[in-house]
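# Structure at a glance
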Amino acid sequence: MSLDGAYDDGNIFAKIIRGEAPAAKVYEDDHVVAFMDVFPQSTGHTLVIPKQDAARNLLEADPAILATLIQTVQRVARAVREALKPDGIVVTQFNGAPAGQTVYHLHFHIIPTWEGVPHGRHAGGGMADPDELKALAAAIAAKL
Ligand code: 5GP
């Protein structure tokens, strides 16, 4: 899907928001949800999404919702740092399939990074163990 198109509320993140699909949640309030990526590029790869904006990408986002979202990204990234002690943290966000986007509900990636440990492939690696993701989510949540 390019930058043009309509929001599809059947996407997997919309299902997670509605409780129709499972997720290892780190944080949730009325505005945002943070949860573990099931195809993580590193241990602790976390996603942060807005709940109330049918925005497929950054360009379509309501600025007020974006403000809350990026503040949550910072908060969760700080908790990831405290919980997992990475050497660095990559924050990414893709807009349109040619740019690498695969799920068309606005989201930010928080990817903890360790010296000498390459990231896995974006949206293409193996599926993580659900129990391990739950444990990671709990460890990060404890540092919020
Ligand atoms: P994008 O490619 O759109 O920037 O990122 C989408 C992300 O969602 C990818 O990193 C991919 O691994 C992740 N993902 C895809 N399906 C699921 C799912 O069912 N649950 C979770 N938690 N993450 C998913």
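This text goes with the structure placed above it.
Because the structure is a prediction, the values reported are computed rather than measured. (Residues numbered from 1 in each chain as written. Predicted model: local features only at pLDDT ≥ 70, side-chain atom pairs only at ≥ 80, totals over all residues. Heavy atoms only, no water.)

### Points about the nonpolar core
Across soluble globular proteins, nonpolar side chains have a tendency to be buried as a group. Val26, Met36, Val48, Ile110 and Ile140 are the most contacted members of the largest nonpolar core, which has 24 residues in total. At the level of secondary structure, the elements contributing two or more residues to this core comprise strand E1 (25-28), strand E2 (32-36), helix H2 (63-84), strand E5 (108-113) and helix H3 (130-141). Among the elements that take part in this core, H2 stands out by supplying seven residues, more than any other. Beyond its immediate chain neighbours, meaning those up to four positions away, Ile140 contacts Val26, Met36, Gly44, Thr46, Val76, Ala79, Val80, Ala83 and Leu84. If you look at the next biggest cluster of nonpolar residues, it comprises eight residues, including Phe13, Ile16, Ala21 and Ile49. (Core = buried A, V, L, I, M, F, W, Y, C linked by side-chain atoms within 4.5 Å. Buried < 20%, exposed > 50% of the residue type's maximum accessible area, 1.4 Å probe, protein only. Helix = DSSP H or I, 4+ residues; strand = E, 2+ residues; numbered from the N terminus. Contact = heavy atoms within 4.5 Å.)

### A look at the environment of Pro22
Relative to the helices and strands, Pro22 resides in the loop between helix H1 (12-18) and E1. In sequence terms Pro22 and Pro98 are 76 residues apart; their C-alpha atoms lie 28 Å from each other.

### Digging into the pattern of salt bridges
Within this structure, the stated rule accounts for five salt bridges. Lys25 serves as the salt-bridge partner of Glu28, at 3.1 Å between the closest nitrogen and oxygen. For Lys25, a relative accessible area of 35% puts it in the partly exposed group. With a closest N to O distance of 3.9 Å, Glu82 and Lys85 form a salt bridge. On the basis of relative accessibility, which here comes to 55%, the residue Lys85 falls in the exposed class. (Salt bridge = Lys/Arg side-chain N within 4 Å of Asp/Glu carboxyl O.)

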